[in-house]
Amino acid sequence: MGRIPLVDENDPNAAPEAREILKVIEKKRGRVLNVYRGMANHPEIAGLVASLYVRARSGHLSEQEAELAYTAASAANNCHY
């Protein structure tokens, strides 16, 4: 089984867009989870997910709406954890 490489936000060889997105996530969450590091291989997708997280935590979505969005996205993508 293949592995998805994890992008390190401090790696100077990583794509600048990916590093920037991971820095935003780190600032908002306090840490960067590996799921975000994996998504950073595709900065455009990671950027969309990061913007959803930022919006959810900035008061644009209630906690219940944010949880619903995460649960719906997980179900739509067959995520079982």
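Our structure's up above, just so we're on the same page.
In short, a report on the structure. Remember, predicted model here, so these are calculated numbers, not experimental data.

**A few points about the environment of Gly38**
Then, in step 1: Mapped onto the elements of the fold, Gly38 is located in helix α2 (residues 34–39).
Then, in step 2: When its relative accessible area of 15% is taken as the criterion, Gly38 is described as buried.
Then, in step 3: Here the alpha-carbon distance between Gly38 and Val7, two residues 31 residues apart in the chain, equals 6.4 Å.
Then, in step 4: Residues in contact with Gly38, not counting those within four places in the same chain, are Ile4, Pro5 and Leu6.

**Topic: the layout of surface pockets**
Rolled over the atoms, a probe with the dimensions of a water molecule shows which regions are left empty.
Then, in step 1: Of the voids in this model, the second largest pocket is the one considered here, and its volume is about 200 Å³.
Then, in step 2: Element by element, the count of residues in the lining of the second largest pocket is highest for α2, at 4 residues.
Then, in step 3: For the lining of the second largest pocket, the residue count by class is 5 nonpolar, 4 polar and no charged.

What counts, and where the lines are drawn
Residues numbered from 1 in each chain as written. Predicted model: local features only at pLDDT ≥ 70, side-chain atom pairs only at ≥ 80, totals over all residues. Heavy atoms only, no water. Helix = DSSP H or I, 4+ residues; strand = E, 2+ residues; numbered from the N terminus. Buried < 20%, exposed > 50% of the residue type's maximum accessible area, 1.4 Å probe, protein only. Contact = heavy atoms within 4.5 Å. 1 Å grid on protein atoms, 1.4 Å probe; cavity = no way out; pocket = protein on both sides within 12 Å on 5 of 7 lines; lining within 4 Å. Points joined across faces, edges and corners; volume = space filled by probe spheres on them. Nonpolar A, V, L, I, M, F, W, Y, C, P; charged D, E, K, R; others polar.

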